[in-house]
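Close look at the chain arrangement
Letter by letter, the chains look like this.
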Amino acid sequence: MPRTPSVTLADVKHALAELGLSPEEAGAQALRQHLGRGSLSTLQRYLELLRAEGARERSLSSAIEGTLRTLAPALKALAVQAAQGLYERSLAETLRALEEREALLEEQEGLLETLKGELEATRERLEGQEKELGEVLAREEELKAVLGGAGGADPGPGAAGGGVGGAGAGAGGGAGGPFPAGARPGARAGHPAGGGGTGGPGAGVGLPYP
């Protein structure tokens, strides 16, 4: 069976971390004294392995840095182009939103003008109706005044009765004649034959004296 090494690569890394040394700075003897075990050849082999890994990492890091320095202008241009594209898209969206808002405002202004026209037409129609109503009320007042004047000039009931009585008197006087048989001529001196009508209601009816 293979013999298990008394020290491993992990032990060497841990010892270097505790000593605060890099593989290039440390030596096999210092590691042996710190660990207290392991052969100098084994420790030296681990140190060389770690140094090679460090060299590869440094080389790779240097290559990456060189590549980044080479690509930096192109990356910068791409970044600027992307930012420009974002800016242009944002600007286009903003302009489109402004145009839509402007169109909406124009539509609202047109609607407002239409409403103003309808309001003006309604106002004119109400003014016309108000004028017509005033004329109707004025004609009504005039008619009331005319009817009131005509009512004051009408004759009263007594006047109408007097007129009828006069007519009756004329009729009675005209219809008078000789007294009928058995009557007493001149029984009432001063009354014409056939009796006369007296004024007032029924005065026109001639009644012969008995």
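The rules behind these values
- Residues numbered from 1 in each chain as written.
- Predicted model: local features only at pLDDT ≥ 70, side-chain atom pairs only at ≥ 80, totals over all residues.
- Heavy atoms only, no water.
- Helix = DSSP H or I, 4+ residues; strand = E, 2+ residues; numbered from the N terminus.
- Buried < 20%, exposed > 50% of the residue type's maximum accessible area, 1.4 Å probe, protein only.
- Contact = heavy atoms within 4.5 Å.
- Areas by Shrake-Rupley, 256 points an atom, 1.4 Å probe, with all protein chains shown as cover.
- Patch = residues over 30% accessible without salt bridge, like charges linked within 9 Å, V, L, I, M, F, W, Y side chains within 5 Å.
- Salt bridge = Lys/Arg side-chain N within 4 Å of Asp/Glu carboxyl O.
- Arc of directions from axis to C-beta.
- Core = buried A, V, L, I, M, F, W, Y, C linked by side-chain atoms within 4.5 Å.
- Lys, Arg positive; Asp, Glu negative; His and termini not counted.
- Charge placed at Lys NZ, Arg CZ, Asp CG, Glu CD.
- Phe/Tyr/Trp six-rings, centres within 6.5 Å; stacked < 30°, edge-to-face > 60°.
- Lys NZ or Arg CZ within 6 Å of the ring centre and 35° of its normal.

**So, the overall build of the chain**
- What the chain contains, in helices and strands, is 4 helices and 0 strands.
- When its helices and strands are written in sequence order, the chain yields α-α-α-α.
- A burial count over the chain gives 13% of its 210 residues as buried.
- Long-range contacts, defined as pairs at least 24 residues apart, comprise 49% of the intrachain contacts of the chain with a sequence gap of at least 6.
- Of the accessible surface of the chain, which amounts to about 15900 Å², a share of 61% is contributed by carbon and sulfur atoms.

**Some details on a nonpolar patch on the surface**
- There is a patch of nonpolar side chains on the surface, built from L60, I64, L68, L71, L75 and L78 and spanning about 560 Å² of accessible area.
- Topologically, L68 is positioned in helix α3 (residues 40-152).
- L68 gets classed as partly exposed once you look at its relative accessible area, which sits at 47%.

**Considering helix α1 (residues 9-19)**
- Taken residue by residue, α1 has V12, A15 and L16 as its buried positions. Within α1, the buried residues cover an arc of 100° as seen down the axis, which keeps them to one side. What points out from α1, more than 90 degrees from its buried face, is the exposed set A10 and A17.

**Quick look at the nonpolar core**
- Grouped together as the largest cluster of nonpolar side chains are 12 residues: V7, V12, A15, L16, A26, A28, L31, L35, L43, Y46, L47 and L50.
- Elements with a minimum of two residues in this core: α1, α2 (28-35) and α3.
- Here the element with the most residues in this core is α3; it accounts for 4 residues.

**A closer look at a negative patch on the surface**
- Together, E99, E100, E102, E106, E109 and E113 give the surface a local cluster of negative charge.
- Tracing the backbone through its elements, the reader meets E106 in helix α3.

**Here's the deal with α2**
- All buried positions along α2 are accounted for by A28, L31 and L35. Taken end-on, α2 shows its buried residues confined to a sector of 65°, consistent with a single buried face.
- Count one or two residues on from α2 and you reach G36, which has phi positive near 80°.

**What about the environment of A26?**
- Position of A26 among the secondary structure elements: in the loop between α1 and α2.
- Residues A26 and L16, spaced 10 residues apart in sequence, show a C-alpha to C-alpha distance of 7.4 Å.
- Dropping the residues within four chain positions of it, A26 is found in contact with L16, L21, L47 and R51.

**Quick word on the packing of aromatic side chains**
- Enumeration according to the criterion identifies 0 aromatic pairs in this entry.
- The ring centre of Y46 lies 5.7 Å from the NZ or CZ of R45, which sits over that ring.

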